[in-house]
Every structure is written in C-alpha cells, then in structure tokens.
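So you can see what is in the structure, the chains are spelled out below.
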Amino acid sequence: MPKKAALAAIALLMTTSSLAYAAETSSTVGMRQPSAADLNSLTDMRVGVVKAALQLTPDQEKLWPPVEEAIRARAKNRWARLDRLAELRDSAQTGAALSERNPLEIMQRRADLLIQRGTDLKKVTDAWQPLYKTLSQDQKRRMAFVSMVALRGMRDAIEHRNENEDDDD
C-alpha cells in the first residue's frame, strides 16, 4: 500500500507540474490569468502531494499544520507578487515610456520583492524544521525526490519563459 501511495503522489506531482507551469507562465505569455480558485486548487494539490509522499506517522501529523500553513502563506504571497508584476507589465505597455521610469524605484521595488520572498522561504524552512527532524531516511528520500521534481518543473518553466521572451525580440 505505501508504494501505491507514493506512486500516486508522484503521478499527481507530475500532472500538477504542468498546471504549475501554466499558472506561472500565464501572466508572461498573454494567456488567461488563473483565478483565485485555480491557484487555491493548485496549492491544495501541491500540499497533498508532499503530504502523501511523506506518509506521515500519527506523531508526525501533529507537526504538519505549521508546515502546511507556511506553504499556503508562501503560495498566496507568490501569487500576489505575480499579479502585481502582471499589473506593472500591463501599465508599462500602455503607459510611460522607458525614459520616464525611475531606475531607483525599480531597484527598490525589486529589493522589496526579494526581501519578501526570502522572508516567506525562511518561514517555510522554520516550519519544516521540527517535522524534518522526525522523518525517517525513507521519508527524507521521498521529500528530496518531490523537491527535485518541483525544482525541475520550475527550471523548465523559467527556460520556457526565457525562450518565449527571445522569440518576442
């Protein structure tokens, strides 16, 4: 049974990778912006995949809620940043010329976004710490696998976005 659950989690993760890719790139390639329900559904799937892959024990289940809360908060903040970037992109296309933009404001906005991303990631790692200490070697291997698949999906999405930007030039 545990092998079936792990296989189901892997299959779910692989199918959600394409959904995550679509959600991530939709604002950059002119596709329909995902709705809040779409984004919540995607986050639910990601959380479910991680939890299913780990196959937590009852004692570990008690340590899960802060991890899930941190994952959801990070996702919510990420979607908010993406929405803001889409708004800025749209206003740049219809608004001020490049010569009218203030480079210092752009750098400050970028710095603020990086600080927020770092803070969100720190909260996730802090939430994971107590649970991670209790994971078996097998659970740690599954977590590493799920993380690597997710990172590969993000890398592929970034590469595809860069290819699309090159095509636009």
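Notes on the structure follow. Sequence order sets the numbering: in each chain, residues are counted from 1 along the sequence as written. Side-chain atom pairs in this predicted model are given and counted only at pLDDT of 80 or more, local residue features only at pLDDT of at least 70, and totals for whole chains, interfaces and linings cover all residues. To get the side-chain values, take all heavy atoms of the structure and skip hydrogens and water.

Our focus in this paragraph is helix α2 (residues 36-54). Put simply, DSSP H or I for four residues or longer makes a helix, DSSP E for two residues or longer makes a strand, and each gets a number counted from the N terminus. Every helix has an expected span of 1.5 Å times one less than the residues it contains. Taking 1.5 Å per residue, 19 residues should reach 27 Å; α2 reaches 27 Å between its end C-alpha atoms and fits that length. Whether a residue is buried, partly exposed or exposed follows from its accessible area with a 1.4 Å probe, protein chains only, as a fraction of its type maximum: under 20%, in between, or over 50%, in that order. What α2 keeps buried is the set L39, L42, T43, V47, V49, V50, A53 and L54. Seen end-on, α2 carries its buried residues on one side only, within an arc spanning 155°. Once α2 finishes, Q55 follows within two positions and takes phi at roughly 50°, a positive value. To be clear, the arc concerns the directions from the helix axis to the C-beta atoms.

To continue, consider the environment of A70. The residue A70 is located in helix α4 (residues 64-94) in this model. Owing to a relative accessible area of 12%, A70 belongs among the buried residues under this scheme. Contact criterion: two residues are considered in contact whenever any of their non-hydrogen atoms come within 4.5 Å of each other. For A70, the contacting residues outside a window of four places in its chain are K123, V124 and A127.

Turning next to the nonpolar core. Ranked by internal contacts, the top residues of the largest apolar core, which has 16 residues, are L54, W64, W128 and L131. If you list the elements that add at least two residues to this core, you get α2, α4, α5 (103-134) and α6 (137-168). Of the residues forming this core, the biggest block, five residues, is contributed by α2. Excluding its chain neighbours within four sequence positions, the residues that come into contact with L54 are W64, W128, L135, Q139, R142 and M143. The definition of a nonpolar core used throughout is a set of buried Ala, Val, Leu, Ile, Met, Phe, Trp, Tyr and Cys residues joined through side-chain atoms within 4.5 Å.

Let us look at the side chain of Q60. Within the secondary structure layout, Q60 lies in helix α3 (residues 58-61). Apart from the residues lying within four places of it in its own chain, the contact partners of Q60 are Q55, L131, T134, L135, S136 and Q139.

This next bit is on the pattern of salt bridges. Here, a salt bridge means any side-chain nitrogen of Lys or Arg that lies within 4 Å of a carboxyl oxygen of Asp or Glu. Applying the stated rule across the entire model yields eight salt bridges. The closest approach of N and O atoms between E61 and K51, which form a salt bridge, is 3.2 Å. Taken together, the residues span a long stretch of sequence, with E61 in helix α3 and K51 in helix α2 at a distance of 10 residues. Given a relative accessible area of 33%, E61 falls into the partly exposed group. With relative accessibility at 28%, the residue K51 sits in the partly exposed group. We note a salt bridge from R81 to D120, for which the minimum N-O separation is 3.3 Å.

Here is the rule: rings of Phe, Tyr and Trp (six-membered ring for Trp) pair when centre to centre is within 6.5 Å. Planes less than 30 degrees apart are stacked, more than 60 are edge-to-face, and the remainder are tilted. Taken as a whole, this structure holds one aromatic pair when the rule is applied. On the basis of an interplanar angle of 80° and a centroid distance of 5.9 Å, the ring pair of W64 and W128 is categorised as edge-to-face. A residue pair is termed long-range when its members are at least 10 positions apart, and W64 in helix α4 and W128 in helix α5 qualify at 64 residues. Assessed through its relative accessible area of 2%, W64 is described here as buried. For W128, a relative accessible area of 12% translates into the label buried. Working rule: Lys NZ or Arg CZ, within 6 Å of ring centre, within 35 degrees of ring normal, means a charge sits over the ring. In this arrangement the basic side chain of R78 is found over the ring face of W79, its NZ or CZ atom lying 5.0 Å from the centre.

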